[in-house]
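Read off the chains here:
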Amino acid sequence: MSSLTVRLGKLRLKNPTLLASGILCQGSLLRRALEEGAGGVVTKSLTLERRKGYPTPVVVGVRGGLVNAVGLANQGAEEYLKQELPLAKKGGGPVIVSVAGGETKEFVRLASMAEEAGADAVELNLSCPHVGGHGLEIGKNPRMVRNIVRETKGILSIPLYVKMGYSDKLLASSLSAEEGGADGVVAINTLPAMVVDVYTRRFVLSHGMGGLSGPALHPVALRCVYELHRVLSVPVIGCGGVEDWKTAAEFLLAGARAVQVGSAVGTRGLGVFSEICRGLSNYLKREGIESIDNLVGRLEG
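Residue numbers restart at each chain and count upward from 1, following the sequence in its written direction. Thresholds applied to this predicted model are a pLDDT of at least 70 for local features of residues and 80 or more for the giving and counting of side-chain atom pairs; totals over whole chains, interfaces and linings are not thresholded and use all residues. The basis for the side-chain values is all heavy atoms of the structure; hydrogens and waters are excluded.

**Digging into the layout of surface pockets**
Then, in step 1: Of the voids in this model, the largest pocket is the one considered here, and its volume is about 870 Å³.
Then, in step 2: A 1.4 Å probe that fits but cannot get out identifies a cavity on a 1 Å grid over protein atoms alone, an open set with protein on both sides within 12 Å along at least five of seven lines counts as a pocket, and a residue lines either if it has an atom within 4 Å of a point. Contributing to the lining of the largest pocket are 43 residues, with S21, G22, I23, N68 and T190 lying nearest its centre.
Then, in step 3: Each helix is a run of DSSP H or I of at least 4 residues and each strand a run of E of at least 2, with the numbering of both proceeding from the N terminus. Elements that contribute at least two residues to the lining of the largest pocket include exactly β4 (40-46), β6 (65-68), β8 (121-126), β14 (209-213), β16 (256-261) and α10 (263-268).
Then, in step 4: Of the residues in the lining of the largest pocket, the class split is 18 nonpolar, 21 polar and four charged. Grid points are joined across faces, edges and corners, and a volume is the space filled by probe spheres set on the points. Charged means Asp, Glu, Lys or Arg here, nonpolar means Ala, Val, Leu, Ile, Met, Phe, Trp, Tyr, Cys or Pro, and polar covers whatever is left, Gly included.

**What about the sheet that holds β14?**
Then, in step 1: As summarised here, the arrangement of the four strands in space is β5-β6-β14-β11, forming an open sheet in which the pairing is antiparallel. In this open sheet, the two edge strands, each paired with only one partner strand, are β5 (59-62) and β11 (191-194). Here the strands of the sheet are splayed against their neighbours by 40° on average, with no regard to which way each runs.
Then, in step 2: Inspection of the sheet shows β6 paired to β14 by three bridges, in the antiparallel sense. Looking at the pairing, N68 lines up with G211 of β14. Any two strands with at least two DSSP bridges between them are considered paired. Axis definition: a line fit to C-alpha positions, over the contact stretch in the case of helices; interaxial angles, taken between N-to-C directions, run 0 to 180 degrees.

**Concerning the sheet that holds β16**
Then, in step 1: Strand order around the closed barrel formed by eight strands is β3-β4-β7-β8-β9-β10-β15-β16, with parallel pairing between neighbours. When the angles between neighbouring strand axes are averaged without regard to direction, this sheet yields 25°.
Then, in step 2: In the sheet, strand β7 (residues 95-99) pairs with β8 via four bridges, with the strands oriented parallel. What sits directly across from S98, in β8, is E123.

**A look at unusual backbone geometry**
Generally, phi is negative for residues other than glycine and the peptide bonds are trans, each holding for most cases.
Then, in step 1: That bond from T56 to P57 is cis: its omega, 0°, falls within 30 degrees of zero.
Then, in step 2: Residue position: P57 is located in the loop between β4 and β5.
Then, in step 3: The omega torsion across A187 and I188 is 5°, close enough to zero to call that bond cis.
Then, in step 4: With respect to the helices and strands, I188 occurs in the loop between β10 (184-187) and β11.
Then, in step 5: Even without being glycine, L72 reaches a positive phi, approximately 55°.
Then, in step 6: As for its position among the elements, L72 is in the loop between β6 and α2 (77-83).
Then, in step 7: Positive phi values are uncommon outside glycine, yet R201 reaches one of about 55°.
Then, in step 8: Relative to the elements of secondary structure, R201 occurs in the loop between β12 (196-197) and β13 (202-203).

Rendered as structure tokens:
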């Protein structure tokens with residue numbers, strides 16, 4: 001029987017699927033995702049202080065996906081880690097805590113809090129496209145990326161992954177993350193986008209600008225994973241438009257060692273994780289491939 005087990009540095013997953021950050025917020029829902037077959041889950045991005053985020057509407061459907069601008073809404077790291085993380089841990093699989101800050105000391109503090117609370121790994125959000133002073137603004141600066149990763153990794157004993165967004169500095173910043181000690185790179189976050197209402201002549205989202213996710217993002221993310229796999233030594237985790245086993249397999253062939261699933265959870269439900277895994281298992285069997293490891297980066301031509 002073909003094995004779906006993968007390793008992301010020191011972290012072992014029973015299969016290569018992960019719930020992407022920001023999709024399910026409550027710990028009980030993260031637990032359900034694990035129980036429904038996800039190999040691991042990533043929490044919403046946590047900040048030191050409570051954030052209300054942007055007023056509704058914060059998400060809208062478009063052809064080929066969704067555009068959202070939530071604004072990093074969360075109840076603050078301390079409350080979340082105390083109340084929600086223990087519930088998520090009951091799912092029996094790895095729980096990765098996503099953190100978002102505006103400067104190095106915030107990331108260091110958040111990562112330390114996450115490890116103390118029982119997180120299995122930390123994911124640095126250096127890629128949110130619609131919150132000023134956070135996310136993509138940092139991720140586009142290779143020097144800042146290196147410093148943040150180095151300082152944060154220095155206080156952790158659990159794996160540290162860095163979620164990058166699409167920019168002309170993607171390769172440079174990802175290499176800087178590796179140099180800083182990152183255990184893996186997640187690529188990519190949503191693409192900057194907007195939606196307008198021609199009758200009101202206004203933005204549909206309250207914030208105006210947002211981030212595009214879903215199938216429309218997949219070809220872009222696929223290319224990013226392929227390019228990163230060619231230059232990085234650490235694992236790459238593909239994110240963007242995974243909705244079935246084929247799109248997951250495309251990421252794996254391009255060089256990803258695991259995939260994150262986001263929008264498809266909203267459109268297809270939590271059963272998408274087991275569906276992807278069944279499809280991958282059948283694919284490996286048909287192709288005579290013994291394990292996921294033997295599929296990663298095997299894109300020919």
